[in-house]
Amino acid sequence: MRGNFVCGELTCTGCGACIDACPFHALEMAEVGPCGEPAPNVDFAKCRECGRCHAVCPACTPIELRTPLKTYASWSSEPSDVTFSSSGGLATALARSVIADGGIVFGTASIGGEARCITVEQEGGLESLRGSKYVYSNSAGAYRSVKKLLAEGRKVLFVSAPCQIAALRAIAGDSSEGLISVDLICHGAPPIAFLREHLNSKVEGAWDAFSFRGENDFRMCAYRDGELVFDEPCFEDEYFSAFITGVIHRDACYECPYACNQRAGDITLGDFWGLDMSTLGAMPPGKVSVVLCNTQKGADVLAKLPSSVYLEEREFSEADNEEQTNLHEPSARTGDRQRFIKAYEQVGFDSAVHKTWAWRRFRLRVLKHKVMGLVGR
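Residues numbered from 1 in each chain as written. Predicted model: local features only at pLDDT ≥ 70, side-chain atom pairs only at ≥ 80, totals over all residues. Heavy atoms only, no water.

Student: For this particular structure, what's the right way to read the layout of surface pockets?
Tutor: Here the idea is plain: a probe the size of a water molecule rolls over the atoms and shows the empty space left. When its volume is computed, the second largest pocket comes out at roughly 460 Å³. As for the second largest pocket, its lining consists of 17 residues, of which Glu127, Arg130, Phe210, Ser211 and Tyr223 are closest to the centre. Per-element accounting of the lining of the second largest pocket gives the leading share, 3 residues, to strand S9 (residues 209-211). (1 Å grid on protein atoms, 1.4 Å probe; cavity = no way out; pocket = protein on both sides within 12 Å on 5 of 7 lines; lining within 4 Å. Points joined across faces, edges and corners; volume = space filled by probe spheres on them. Helix = DSSP H or I, 4+ residues; strand = E, 2+ residues; numbered from the N terminus.)

Student: Sorry, what's going on with the sheet that holds strand S6 (residues 137-138) here?
Tutor: Backbone hydrogen bonds hold the strands of a sheet together, and the pairing may be parallel or antiparallel. The strand order across the open sheet built from 9 strands is S6-S5-S4-S7-S8-S12-S13-S3-S14, with neighbouring strands paired in mixed fashion. Every interior strand has two partners, whereas the edge strands, S6 and strand S14 (309-314), have only one. Bridging between strand S4 (residues 104-111) and strand S7 (residues 156-160) involves 3 bridges; their strand directions are parallel. Bridging across to S7, Val105 finds its partner in Leu157. (Pairing = 2+ DSSP bridges.)

Student: Looking at this structure, how should I read the packing of aromatic side chains?
Tutor: The description of an aromatic ring pair rests on the distance of the ring centres and on the angle between the ring planes. Applying the stated criterion across every chain, the model contains 19 aromatic pairs. Considering the side-chain rings of Phe194 and Tyr344, the 5.1 Å spacing of their centres and the 85 degrees angle between planes classify their relative orientation as edge-to-face. One end of the pair, Phe194, is in helix H7 (residues 192-202); the other, Tyr344, is in helix H11 (residues 335-347), with 150 residues separating them in the sequence. When the centroid spacing of 6.4 Å and the interplanar angle of 50 degrees are considered together, the rings of Phe218 and Trp273 count as tilted. Here Phe218 is found in the loop between S9 and strand S10 (219-224), whereas its partner Trp273 is found in the loop between strand S12 (267-271) and strand S13 (289-293), with 55 residues between them in sequence. Given the relative accessible area of 29%, Phe218 is considered partly exposed. The cationic tip of Arg48 hangs over the ring face of Phe24; the distance from NZ or CZ to the ring centre is 5.9 Å. Above the ring of Trp357, the side-chain terminus of Arg360 is found at 4.7 Å from the ring centroid. (Phe/Tyr/Trp six-rings, centres within 6.5 Å; stacked < 30°, edge-to-face > 60°. Buried < 20%, exposed > 50% of the residue type's maximum accessible area, 1.4 Å probe, protein only. Lys NZ or Arg CZ within 6 Å of the ring centre and 35° of its normal.)

Student: Would you mind going over the sheet that holds strand S11 (residues 227-233) with me for this structure?
Tutor: The sheet built from 3 strands is open, its strands ordered S9-S10-S11 with antiparallel pairing. Both outer strands of the open sheet, S9 and S11, are each paired with one neighbouring strand and no more. The average angle at which neighbouring strand axes cross in this sheet is 20 degrees, direction not considered. Summarising the sheet, S10 and S11 pair through 6 bridges and their orientation is antiparallel. (Axes fitted to C-alpha atoms, helices over the stretch in contact; angles between N-to-C directions.)

Student: Where do I start with the pattern of salt bridges in this structure?
Tutor: Where charged atoms from two side chains of opposite charge approach closely, those side chains can pair. Per the counting criterion, the structure on display carries 25 salt bridges. In this structure, the salt-bridge partner of Asp20 is Arg144, at a minimum N-O distance of 3.9 Å. Residue Asp20 is found in helix H1 (residues 17-21), and its partner Arg144 is found in helix H5 (residues 142-151); the two are separated by 124 residues along the sequence. Overall, the relative accessible area of 36% leaves Arg144 in the partly exposed class. Asp217 is the salt-bridge partner of Lys287, the closest N and O atoms lying 3.4 Å from each other. With a gap of 70 residues between them, Lys287 in the loop between S12 and S13 and Asp217 in the loop between S9 and S10 connect regions that are remote in the sequence. For Lys287, a relative accessible area of 26% corresponds to the partly exposed category. The network of salt bridges with common partners includes Arg66, Arg169, Asp174 and Asp266. (Salt bridge = Lys/Arg side-chain N within 4 Å of Asp/Glu carboxyl O.)

Read these as spatial facts, not as claims about activity.
Here's what the structure looks like:
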């Protein structure tokens, strides 16, 4: 092992599989480099070079990806799912079904100023898992917990980015009938250091949570003890704009092996971008999810969903369209990415975003809309 990386700097996703697998507790997640990239930090005084970290690392030993069996357009009719979910509310519906069956749900929540993988055993706790978190989520420790729960005969639903689902499968294995894995169609996951710096510059005083989608859809929001303390439209906010244009992802995201037609989880969820809504057999109450059923286990889980969940089978080609880029390729590393990185080390996050062409285009769009609004009055 060399330096901080088990598998190599450009291929490490920070999935945390190596941390959970180490029997000597010789690794922990750290922020490294000028951009605060998440990576396993090795305590060489504890390391015994057993090789377990390499054996479970999905970058060193890739998992087998799965070809989708069926594709659905879907949504939940539950009013709270329509309001508070990023898309059609399918993750919440699946989680609610698993909890009702005595299972446990693992998902990402915004807690203590970062995104963390947490466990939920009661339906009331699902609220914290709703809404997309457009930032790296630390799942280290969660895989070990899942393996223990499965050994106890518990049913587990794990919802996360594909790289972390790959880590889960490497640690827990694929043989357990009690494990249901759901990977999300991922645009990329920037280091938390960027979001921390950005919100610290915008919010007076402390903040402890954030949101991007859901009730405050496509808005950059920060909270303090549950109270909204910052709220900005996505195209007027530096962080959200830079995320949308793919300027601030981690290096590994631009080479992501999971941004493709074959998937890591039993089920894949995302927004159904590019869908011709007029062709649907029913009118959705809000947003629509794309659901890819990738295994028979996934099909069995979907079959148990209540009648409040609408599932309409569609062709996979409808989902894999030009707007759904990350179903066939990773987000592109553009010239703006290099422009941002060069500026970031000199002037900090917000000023570096201001130097990108994407930000300038967004500002012109916002200005145009404001001018047109004044003319309309």
